[in-house]
Amino acid sequence: MIPKPFEHQQTTSNFILKNDRCLITSDPGTGKTRSVIDAYAANTTGRMLVLAPLSILEASWGDDIAKFAPQLTYSVAHAKNRAKAFAADTDVVITNHDAVKWIVKNESVLTGFDTLCIDEFTAFKNKDSQRSKAALKLAKHFDKRIAMSGTPNSNTILDIWHPTLIVDDGQRLGHRFYSFRANVCTSRFNGFANEWTDKPDAQDIVAAALHDINIRYALEEC
């Protein structure tokens, strides 16, 4: 017997189904993974690639697929079996964040995929890292893009810029990082270099820009 989703999980699934590009920033513990799985299972038009922290590939994603959508098949791609996992006739391929560099070098493995889900998208917040650059290239192959994090701005509002670029190709926060930074941060010279701090209204500016693709539930609401 498959347990019914909570109301906020169903609402999140419906949001995903209505939006090909979306950010899910609900608190940890609200069941974001379940919402993504249910949405994908309800409209399976192609394969789904999940990028997630190495520690939860099987423990979270694999177990949740088996529990909530047992009709779906999945393979877990580790460093030593990536080619085999992608070649398997499965609905979902689950792999770790660093695999993006391998995937970009072997783009033919993406044939048949149309949905990308990035779990813990802060892994790609640094626009200059090789991993982030590879993720941006990889995203171009997907019509449907979902990015999740319960702590999207844990350090600064600037952390949201590159993950959003991956999802919406710069439509909402712009293509230029430095223009975005000037809009939401102020600088102060500390004697050695400029320090950038969030403006008081930075959260509101970003929330307004992302309102149509972002859904969020606080844990106390659930």
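A.B. asks: Before we go on, may I ask you to explain the side chain of Ser132 in this structure?
C.D. replies: Mapping Ser132 onto the fold places it in helix H6 (residues 130–139). Looking at Ser132, its side chain comes within polar contact range of the main-chain oxygen of Asn126, at 2.7 Å. For Ser132, the contacting residues outside a window of four places in its chain are Ala123, Phe124, Lys125, Asn126, Lys127 and His162.

A.B. asks: Hey, could you run me through the nonpolar core in this one?
C.D. replies: Within soluble globular proteins, side chains that are nonpolar tend to cluster in buried spots. With 41 residues, the main nonpolar core has Leu49, Phe86, Leu110 and Leu138 as its most contacted residues. Broken down by secondary-structure element, the contributors of at least two residues to this core are strand S2 (47–52), helix H4 (82–87), helix H5 (99–105), strand S5 (113–119), H6, helix H7 (161–168), helix H8 (177–184) and helix H9 (202–210). Once you skip the residues sitting within four places of it in the chain, Leu49 turns out to touch Phe86, Val93, Thr95, Ile103, Leu110, Phe113, Thr115, Leu116, Cys117, Leu138 and Phe142. Formed by 24 residues, the second largest nonpolar core is a distinct cluster that contains Ile24, Ile65, Val76 and Ile146.

A.B. asks: Help me understand the pattern of salt bridges, please; the structure alone is not making it clear to me.
C.D. replies: It is possible for side chains of opposite charge to pair when their charged atoms get near one another. For the coordinates displayed, the defined rule picks out twelve salt bridges. Across the salt bridge formed by Asp168 and Arg172, the nearest N and O atoms sit 3.2 Å from each other. Judged by relative accessible area, Asp168 falls into the buried class, the value being 1%. Across the salt bridge formed by Asp212 and Arg172, the nearest N and O atoms sit 2.8 Å from each other. Remark: Arg172 occurs in the loop between H7 and H8 and Asp212 occurs in the loop between H9 and strand S9 (214–215); sequence separation between them is 40 residues. For Asp212, a relative accessible area of 33% gives the class partly exposed. For Arg172, a relative accessible area of 24% translates into the label partly exposed. Through salt bridges that share partners, Arg21, Lys140, Arg145 and Asp169 make up one connected network.

Cut-off values and rules
- Residues numbered from 1 in each chain as written.
- Predicted model: local features only at pLDDT ≥ 70, side-chain atom pairs only at ≥ 80, totals over all residues.
- Heavy atoms only, no water.
- Helix = DSSP H or I, 4+ residues; strand = E, 2+ residues; numbered from the N terminus.
- Polar contact = N/O pair within 3.5 Å; in protein donor to acceptor, adjacent residues only side chain to side chain.
- Contact = heavy atoms within 4.5 Å.
- Core = buried A, V, L, I, M, F, W, Y, C linked by side-chain atoms within 4.5 Å.
- Buried < 20%, exposed > 50% of the residue type's maximum accessible area, 1.4 Å probe, protein only.
- Salt bridge = Lys/Arg side-chain N within 4 Å of Asp/Glu carboxyl O.

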